[in-house]
Amino acid sequence: AMVVAGCSTPAPHRKPQPKPQSPQTVCQAAAPGDPAVGVWLSKFRRAGVAGEFRVLLVFSADGTARYENQLKRAGIPPQGLSETGCWHREGNTLVMRSTKSNGVPVEPDDPAYLYHYAVVSQASRALVLRGAKGLLDARRMSPAYRLPY
């Protein structure tokens, strides 16, 4: 009876301890005048996929970033992915680390949420990046631009 009574006694209430913020999730401001700061849109098609891919990259001066990937097909609502996090430069590479995917926090050490884009070329209105899936040819959009849904 003592064993059963001990098992039925409620455990003391403990508040969950907040996880310490990983240094990887603290955004660092971009260098003043960094030409990557802005809203960039790329549209392209892939062989074997019906529809158009749209990629929106938003690199803010405070080091925060937003990445949206959308597949637009005729007669079907767009399907997409939206990630937010931080970005910075490592030489000629733009690095983005997502902290949330579709609004849900991600594990900070998960390599699936780390993106490296080599800057192939950049002008005031055009940005060409090379990522894991090939070239991303983007053009500068207005700061208020959003992907249509």
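Because the structure is predicted, anything quoted here is derived from the model rather than measured.

**A closer look at the overall build of the protein**
Along the protein, the regular secondary structure elements total 1 helix and 9 strands. The order of α-helices and β-strands along the protein, N terminus first, is α-β-β-β-β-β-β-β-β-β. Evaluated residue by residue, the protein yields a buried proportion of 34% over its 149 residues. Long-range pairs, those at least 24 residues apart, make up 38% of the contacts in the protein between residues at least 6 apart in sequence. For the protein, the exposed surface amounts to about 9600 Å²; the carbon and sulfur share of it is 59%.

**Some words on the state of the cysteines**
Within this structure, the stated rule accounts for 1 disulfide. The disulfide that involves Cys-27 links it to Cys-86, with 1.9 Å between the sulfurs. Since a negative S-S torsion denotes a left-handed disulfide, the Cys-27-Cys-86 link at about -80 degrees is left-handed. A residue pair is termed long-range when its members are at least 10 positions apart, and Cys-27 in the loop between α1 (2–8) and β1 (38–44) and Cys-86 in strand β4 (residues 76–90) qualify at 59 residues.

**What to know about the nonpolar core**
Counting 18 residues, the largest nonpolar core has Leu-57, Phe-59, Trp-87, Leu-94, Tyr-117 and Leu-129 as its most contacted members. Breaking this core down by element, the ones donating at least two residues are β2 (52–59), β3 (64–73), β5 (93–101), β7 (114–122), β8 (126–131) and β9 (134–141). Leu-129 has contacts with Leu-57, Leu-94, Tyr-117, Ala-118, Val-119, Val-120, Gly-134, Leu-135 and Leu-136, leaving out every residue within four places of it along the chain. Grouped together as the second largest cluster of nonpolar side chains are 7 residues, Val-39, Val-58, Tyr-145 and Leu-147 included.

**Here we look at the side chain of Arg-97**
Here Arg-97 lies in strand β5. No salt bridge forms around the buried Arg-97; measuring N to O, its nearest opposite-charge neighbour Asp-109 is 5.6 Å away. In terms of polar contacts, Arg-97 uses its side chain to reach the backbone carbonyl oxygen of Pro-108, at 3.0 Å.

**Comments concerning the environment of Phe-44**
Relative to the elements of secondary structure, Phe-44 occurs in strand β1. Given a relative accessible area of 22%, Phe-44 falls into the partly exposed group. Sequence spacing of Phe-44 and Ala-138 is 94 residues, and the spatial spacing of their C-alpha atoms is 9.8 Å. Once residues within four sequence positions are removed from consideration, Phe-44 is found in contact with Glu-52, Phe-53, Val-55 and Leu-136.

**Quick notes on the pattern of salt bridges**
Note on pairing: side chains with opposite charge can pair once their charged atoms come close. Scanning the entire structure with this criterion turns up 3 salt bridges. Here Glu-52 makes a salt bridge to Arg-54, at a shortest N to O gap of 3.1 Å. The same class applies to Glu-52 as to Arg-54, namely buried. For Glu-68, the salt bridge identified is with Arg-66, shortest N-O distance 2.7 Å. There is no split in this pair, since Glu-68 and Arg-66 are both buried.

**Examining the confidence of the model for the protein**
Averaged over all residues, the pLDDT of the protein equals 87, while 83% of them reach at least 70. The lowest-confidence element of the protein is α1, averaging 46 in pLDDT; the highest-confidence one is β5, averaging 97. Across residues 1–10, where pLDDT falls below 50, the model places 0 contacts with residues more than four positions away in sequence or in other chains. Note that pLDDT drops below 50 for residues 16–21; the model gives that stretch 2 contacts with residues more than four away or on any other chain.

About the criteria used
Residues numbered from 1 in each chain as written. Predicted model: local features only at pLDDT ≥ 70, side-chain atom pairs only at ≥ 80, totals over all residues. Heavy atoms only, no water. Helix = DSSP H or I, 4+ residues; strand = E, 2+ residues; numbered from the N terminus. Buried < 20%, exposed > 50% of the residue type's maximum accessible area, 1.4 Å probe, protein only. Contact = heavy atoms within 4.5 Å. Areas by Shrake-Rupley, 256 points an atom, 1.4 Å probe, with all protein chains shown as cover. Disulfide = S-S within 2.5 Å. Core = buried A, V, L, I, M, F, W, Y, C linked by side-chain atoms within 4.5 Å. Lys, Arg positive; Asp, Glu negative; His and termini not counted. Salt bridge = Lys/Arg side-chain N within 4 Å of Asp/Glu carboxyl O. Polar contact = N/O pair within 3.5 Å; in protein donor to acceptor, adjacent residues only side chain to side chain. pLDDT = per-residue confidence, 0-100.

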